[in-house]
Every structure is written in structure tokens, then in C-alpha cells.
Amino acid sequence: MLARIKSWTTRYLSYAGRIQLVKSVLYSIQVYWSQVFVLPKKVVQMIEATCRSFLWTGGSDLSKKALIAWDRVCLPKAAGGLNILDIYTWNWAAIGKLLWNICRKKDCLWVKWIHAYYIKTGEVWETKTTKASWVVQKIIKAKSMFEKIGLHETDVVAMTKYSIKDMYRAYRGEFQKQENEDIDHLLFECMYAKHVWSKLLAWQSIKREVWNWKHEVQWAIENATGKTAQQEVYKMLLAGGVYHLWQERNARIFKESSRSADQVVKQLIREIHVRARRDSRLDRYMKDLNFYP
């Protein structure tokens, strides 16, 4: 990467030219190696610092000069960023593919070896890797990435294919694009939506998976048609969740603005608290839910 940068510095590139080179050349090098090896955090930080210095100074020497915070530069253009790849998140998405191979019991030697020595007959999610190598520990820890977007071991095993790009977008809270978009995918099955619903269900201590529209409505009919405080809050949660997800979809299409899944969850919880204050019974119940999941 440094050799590439040194060959470009004499060409007096503009910011736009440097951004294009960072996206198309420098990051392509990192993207390739992250799929082959588990990159240590220190290496990822050095790659990011190298790209950041080249963008703002045009050279290969590490510098802290920056016009805009790097986190903001990595945001999508719809959110005011330059849509530059977030290396740290991409690295986790790439490691997630290795964990997906283990969960799917892919027919390759290293997967069979991990199952034979570490997982044995147990579940991947419950595997203890305190005595394993750093690489194996890093791969197993990738389960936290799946859990953050609302996926558990059964969901990962059910995935017939794994796209690092799609997982990267889901981890960053971006909607997945799909042809023939339907209500189930948009409001419940998309990884962004699953992340929202899994957080909301955990907030109300409802221990189950996220289902499609038909099954969610059926569950509400069977379990939330009464007048108890818990049932009333769940009905607000279901209606508010659908409303905010639809609102987020429209904002991204028509206003070119976006929010993360966690921001949507926090906004809905605040609104439920405000509405619950009108009823003393609900207000008392909400005191136990005065937190963000």
C-alpha cells in the first residue's frame, strides 16, 4: 500500500482523485487479505491511518491532519459522508464468514479440525475458546456481530450463502436492497429490521425469534389482546416499530437521510414512555423499562 501511495504522490492529485484511489485501489488490497487472514486490530488501525493520511495530505507519512472526522467520512453519502469503506467493520464481516463456515460445517480441513478439537458435539455459540489460538478465539467472537444485527446460531446455519458486503451493510444499519420487495422482507426479514425487532423484544423481555408479518400478528392476537400493562405496551411497540421502519425506508429514498437501527429503537422507546405517562398504570409499569436495550 505504501509503495502505491509513493508512486502517486508526485502527481498532485485532488481530494476527489485521492478518494477514488482509496476506494478502488488501497481498500481492494485490504479487502482481499481480510478474506484470507484474520487481521489483528493493530493492522487494521495502521491501514486506516495510512489511507486517512493519504486522503488529507497526499503522502504516505502518518499524520493527524484531518478536515473531517474519519467516522463521518465512512458514512453513506445519504448520511453526509463520502461512503468510504469502514475497514474495522468490514474486517468483522469477513471474520463472520469464517464463523458461518464453521456453523454450516463446510467440507474443508480447517473447519473439521475446529469441530473435532473445540466444538465437538456442542453448539458453536456455547464453545469455550480460552485455550484456543488467537485466530480461533477471534473467529468465535464474531458471534457478537451476528447478535448485534439480531441473528443467532440457528439463523446463521439457515443462511445458504454469505455475502460480506450484505453483512457489512447490515452491521452498519443499512437496509438490504432486494428485487420484488415485500412487506415481510422490508419490515421483518431484512437484517436492519431484524436488529430493530430483536432489540425491542429483548427490551420487553420477550424471548423469541423475529417472525414475518403474518406470524407476528397471530402472536399478538394470541398474547396481546388483553388490557394488562405489558400487553398494552407490546401493542404500542408493534405499531410503532412498523411505523418507524416504514418511515426510515421513505426517508432514505425521498430525503436521502438515514438513521442507525439503534437510533430507531431509542426513538421508539422514548415515544412509548411519553405515551405511557398518560395512564398511571402504564407509567408504573414503564419504570421497570427505563433503559435502552
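Structure: above.
All figures in this text were calculated on a predicted structure; none of them were measured in a lab.

Conventions we followed
Residues numbered from 1 in each chain as written. Predicted model: local features only at pLDDT ≥ 70, side-chain atom pairs only at ≥ 80, totals over all residues. Heavy atoms only, no water. Helix = DSSP H or I, 4+ residues; strand = E, 2+ residues; numbered from the N terminus. Buried < 20%, exposed > 50% of the residue type's maximum accessible area, 1.4 Å probe, protein only. Contact = heavy atoms within 4.5 Å. Areas by Shrake-Rupley, 256 points an atom, 1.4 Å probe, with all protein chains shown as cover. Lys, Arg positive; Asp, Glu negative; His and termini not counted. Charge placed at Lys NZ, Arg CZ, Asp CG, Glu CD. Expected span 1.5 Å × (residues − 1). Polar contact = N/O pair within 3.5 Å; in protein donor to acceptor, adjacent residues only side chain to side chain. Core = buried A, V, L, I, M, F, W, Y, C linked by side-chain atoms within 4.5 Å. Phe/Tyr/Trp six-rings, centres within 6.5 Å; stacked < 30°, edge-to-face > 60°. Lys NZ or Arg CZ within 6 Å of the ring centre and 35° of its normal. Axes fitted to C-alpha atoms, helices over the stretch in contact; angles between N-to-C directions. Parallel < 35°, antiparallel > 145°, perpendicular 65-115°, else oblique. Left-handed = near helix turned anticlockwise from the far one by under 90°. Nonpolar A, V, L, I, M, F, W, Y, C, P; charged D, E, K, R; others polar. Salt bridge = Lys/Arg side-chain N within 4 Å of Asp/Glu carboxyl O.

Side note on the overall build of the chain
Move 1: A count of helical and extended segments in the chain gives 16 helices and zero strands.
Move 2: Summarising its shape, the C-alpha atoms of the chain cover approximately 70 × 50 × 40 Å along the three principal directions.
Move 3: Across the 293 residues that make up the chain, the buried fraction comes to 45%.
Move 4: If you take every contact in the chain between residues at least 6 apart in sequence, the share linking residues at least 24 apart comes to 61%.
Move 5: Summed over its atoms, the accessible surface of the chain is roughly 16,900 Å², and 53% of this surface lies on carbon and sulfur atoms.
Move 6: Across the chain, the 48 positively charged side chains and the 28 negatively charged ones have centroids separated by 7 Å.

Some points on helix 5 (residues 87–103)
Move 1: Between its first and last C-alpha, helix 5 extends 24 Å over 17 residues, near the 24 Å set by a 1.5 Å rise per residue.
Move 2: Judged by how many residues are buried, helix 5 sits mostly within the fold: 15 of 17 residues are covered.
Move 3: Two residues or fewer past helix 5, K105 is found with a positive phi of approximately 55°.

Things to note about unusual backbone geometry
Move 1: Its identity as a non-glycine residue notwithstanding, N83 has a phi of 60°, on the positive side.
Move 2: Following the sequence through the fold, N83 ends up in the loop between helix 4 (70–73) and helix 5.

Remarks on the side chain of H244
Move 1: The topology assignment puts H244 in helix 14 (residues 229–255).
Move 2: Judged by its relative accessible area of 3%, H244 is buried.
Move 3: Of the polar contacts made by the side chain of H244, one reaches the side chain of E271; its length is 2.9 Å.
Move 4: When residues no more than four places from it in sequence are discounted, the contact partners of H244 are R259, V264, Q267, L268 and E271.

Overview of the nonpolar core
Move 1: Among the nonpolar cores identified, the biggest contains 52 residues, and L99, F146, Y162 and M167 are the most heavily contacted of them.
Move 2: Mapped onto this core, the elements with two or more residues apiece are helix 2 (15–36), helix 3 (41–57), helix 4, helix 5, helix 6 (109–119), helix 7 (134–141), helix 8 (143–148) and helix 10 (164–171).
Move 3: Among the elements that take part in this core, helix 5 stands out by supplying eleven residues, more than any other.
Move 4: For Y162, the contacting residues outside a window of four places in its chain are A93, G96, K97, W100, M145, F146 and M167.

Regarding the packing of aromatic side chains
Move 1: Scanning the entire structure with this criterion turns up ten aromatic pairs.
Move 2: Centroid distance W113 to Y118: 5.5 Å. Interplanar angle 80°. Geometry classified as edge-to-face.
Move 3: Residue Y118 is classed as partly exposed on the basis of its relative accessible area, which comes to 25%.
Move 4: A cation over a ring is seen here: K266 above Y292, with NZ or CZ 5.5 Å from the ring centre.

What about the side chain of H115?
Move 1: Residue placement: H115 occurs in helix 6.
Move 2: Its relative accessible area of 13% is what places H115 among the buried residues.
Move 3: A polar contact is formed between the side chain of H115 and the backbone oxygen of I102, at a distance of 2.7 Å.
Move 4: When neighbours within four sequence positions are excluded, H115 is seen to be in contact with I102, K105, K120 and V124.

Brief notes about the packing of helix 3 against helix 5
Move 1: The geometry of helix 3 relative to helix 5 is characterised by a closest axis approach of 9 Å and an angle of 140° between their N-to-C directions. The angle between helix 3 and helix 5 falls in the class oblique. The hand of the helix 3/helix 5 crossing is right-handed. Across the interface between the two elements, K41, V44, I47 and E48 of helix 3 pack against I87, Y88 and N91 of helix 5.
Move 2: Across the contact of helix 3 with helix 5, the residue classes break down as four nonpolar, one polar and two charged.

Quick word on the pattern of salt bridges
Move 1: Inspection of the entire model under this criterion finds six salt bridges.
Move 2: A salt bridge links R208 to E216, with the shortest nitrogen-to-oxygen separation between them at 2.8 Å. E216 matches R208 in its accessibility class, with the two residues each being buried.
Move 3: Among the ionic pairs, R281 bridges to D279, the shortest N-O distance being 3.9 Å.
Move 4: On the accessibility criterion, R281 (33% relative accessible area) is partly exposed.
Move 5: A relative accessible area of 29% places D279 in the partly exposed class.

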